[in-house]
Structures are given as C-alpha cells and as structure tokens.
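# Fold and geometry: a report
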Amino acid sequence: MDKTLENYLERVENYLRPMAVSERIDIVREIKSEMLELQNDGKTPQEILARLGDAREMARGYIGDLISSDAVFTWNRFLAGCAFYGVVGFSGMIIVPTLAIIAPVFIAMGILTPVLSMIKMLDYIFSLGIPYMQNIGIVFEGILELNPITEFLVALPISALLFLGGRGAWKLLLYYCQSVGRTKRKLSI
C-alpha cells in the first residue's frame, strides 16, 4: 500500500481514539479494504484520498454513528454521569480557582521580586532617595536585618522558586482541565 494511504489510515486511527480498540481496528480495516478495492480498480492514491475526504471528518462520521446508535438510557450511564459531574463540579470549585489565582500571582512575584530588590539595592548604593524603598525587602521581624545588597542576593533564589511554583501551578491547572476532558470523552456521557 502507498505511504500516503498508510499515513491517512494512521490519522484516522488517531482521531478514533475515543472509541474502543476493537471498534477502531474494525473501522481501519474497513477503510483499508475500500482503499485496496479502489487501487485494484486503477485509482491513484490522490484519487482515493480525494474520494475518502479529510481523515478527521471520516473519523467524526464513524464516531457520530456510534454515538447515535448507542443512545440508549441505562442506569449505569446515568450514575456514571452523576458521579463524574459531581466530582468535577466540586473539585472544580476548589482546584481551578486556586490554581488560576496562584499561577499568575507567583509568576508575577517571581519577576517583580528581583527587579524591586535591585532597585532598592541601587537606591542604597547610589543614595538616590527613592521614596518608599525602605518598605521593600525581605523582613525577618526582629531576628535579622539585611542590607539591600544581601537582600538582592537572597531575593534571586526566592524569585526563582516563586516563578517555578507559578509555572508549575499553571501546568497543573492545564493538566487538570485536560484530564477532566479525557475522562469525559472516555465515559461518552
């Protein structure tokens, strides 16, 4: 079989991922059989692909047929839907807002911390007298007083940790949303 036709079959199979493996294999075999028949009739790979259409649309058609034929009410599907949406709804009220707030705030603080401590350090070194600079810095209430140069050096690893924490929170939020979507597709609710 021609390489372009094999690539087409691979794309169709990838788009059919929400379906069960056995159904996916049967569909790919059916399409491959059609392709071989068309090749035996003297059709070129380009003509065959033009006749079959876009791989994504082909897969959507098969998935749509499966969904419409499997629309029978069952208590198991109903209870699975209730459980899924109940857990996702409750956890979404806590996880999504928390991560959506933490991620940008930590990233912003990871960027602002070294910038502001550098401004304070330059104010200290050059005696610029910038207002409110004495209020910016790392404070160890009554335990330890740091000069602005030391504060700048301490602020660098802290800002890196804040930035990485914010980035991690953002990736975790994306992973959560993607996993909820995948789970919903697997349940076919």
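First things first, this report covers the structure right here in the doc. (Residues numbered from 1 in each chain as written. Predicted model: local features only at pLDDT ≥ 70, side-chain atom pairs only at ≥ 80, totals over all residues. Heavy atoms only, no water.)

## Side note on the overall build of the chain
Basically, it comes down to this: Secondary structure elements follow DSSP: runs of H or I of four or more residues count as helices, runs of E of two or more count as strands, with numbering from the N terminus. Each residue is assigned to one of three classes by its accessible area relative to the maximum for its type, calculated with a 1.4 Å probe on protein chains only: buried under 20%, partly exposed between the two thresholds, exposed over 50%. Note on definitions: a residue-residue contact is assigned when non-hydrogen atoms from the two residues lie within 4.5 Å.
Each helix and strand counted, the chain has 6 helices and 0 strands in total. Order of helices (α) and strands (β) in the chain, N terminus to C terminus: α-α-α-α-α-α. In the chain, buried positions account for 24% of the 189 residues. Looking at the chain alone, contacts between residues at least 24 apart form 69% of all its contacts between residues at least 6 apart.

## Considerations on helix α2 (residues 21-40)
One turn of the α-helix equals 3.6 residues, which is why residues spaced by three or four share an orientation. Heads up, the condition is: In this analysis, the expected span of each helix is defined as 1.5 Å times one less than the number of residues it contains. Working definition: the arc comes from the directions between the helix axis and the C-beta atoms, pointing outward to the latter.
For α2, which comprises 20 residues, the first-to-last C-alpha distance of 28 Å matches the rise-based estimate of 28 Å (1.5 Å per residue) to within 8%. Among the residues of α2, R24, I27, V28, I31, M35 and L38 are the ones counted as buried. The buried residues of α2 all sit within an arc of 95° when viewed along its axis, so they share a single face. Exposed and oriented more than 90 degrees from the buried face of α2 are R29 and N40.

## Remarks on the nonpolar core
Inclusion rule: We call a set of buried residues a nonpolar core when its members are Ala, Val, Leu, Ile, Met, Phe, Trp, Tyr or Cys and they connect through side-chain atoms within 4.5 Å of each other.
Formed by 18 residues in total, the largest nonpolar core has its most connected members in Y8, V12, L16, I31, M35, L52 and M58. Elements supplying a minimum of two residues to this core: α1 (3-15), α2, α3 (45-52) and α4 (55-69). In this structure L52 touches Y8, I31, E34, M35 and M58, once residues within four positions along its chain are discounted.

## A few points about the packing of α2 against α3
Geometry of a packed helix pair, given as the angle between the helix axes and the separation of the axes. Heads up, the condition is: Working convention: axes come from line fits to C-alpha atoms, limited for helices to the stretch in contact. Angles between N-to-C directions cover 0 to 180 degrees. Note on angle classes: values under 35 degrees are labelled roughly parallel, values over 145 roughly antiparallel, values of 65 to 115 roughly perpendicular, and the remainder oblique. A crossing counts as left-handed when the near helix is turned anticlockwise from the far one by less than a right angle, and as right-handed when that turn is clockwise.
Two elements in contact, α2 and α3, have axes whose closest approach is 10 Å; the angle formed by their N-to-C orientations is 135°. Compared by their axis directions, α2 and α3 come out oblique. Remark: the crossing between α2 and α3 carries right-handed chirality. Each of I31, E34, M35, L38 and Q39 in α2 lies in contact with α3, whose residues at this interface are I48, R51 and L52.

## What about the side chain of R24?
Mapping R24 onto the fold places it in helix α2. With a relative accessible area of 8%, R24 lands in the buried category.

## With respect to the pattern of salt bridges
Test applied: Salt bridges are counted wherever a side-chain nitrogen of Lys or Arg sits within 4 Å of a carboxyl oxygen of Asp or Glu.
One pass over the structure, following the stated rule, counts 2 salt bridges. Here E151 and K120 are joined by a salt bridge, their closest N and O atoms 3.2 Å apart. Taken together, the positions of E151 in helix α6 (residues 148-187) and K120 in helix α5 (residues 75-126) put the pair 31 residues apart, joining distant regions of the chain. On the accessibility criterion, K120 (11% relative accessible area) is buried.

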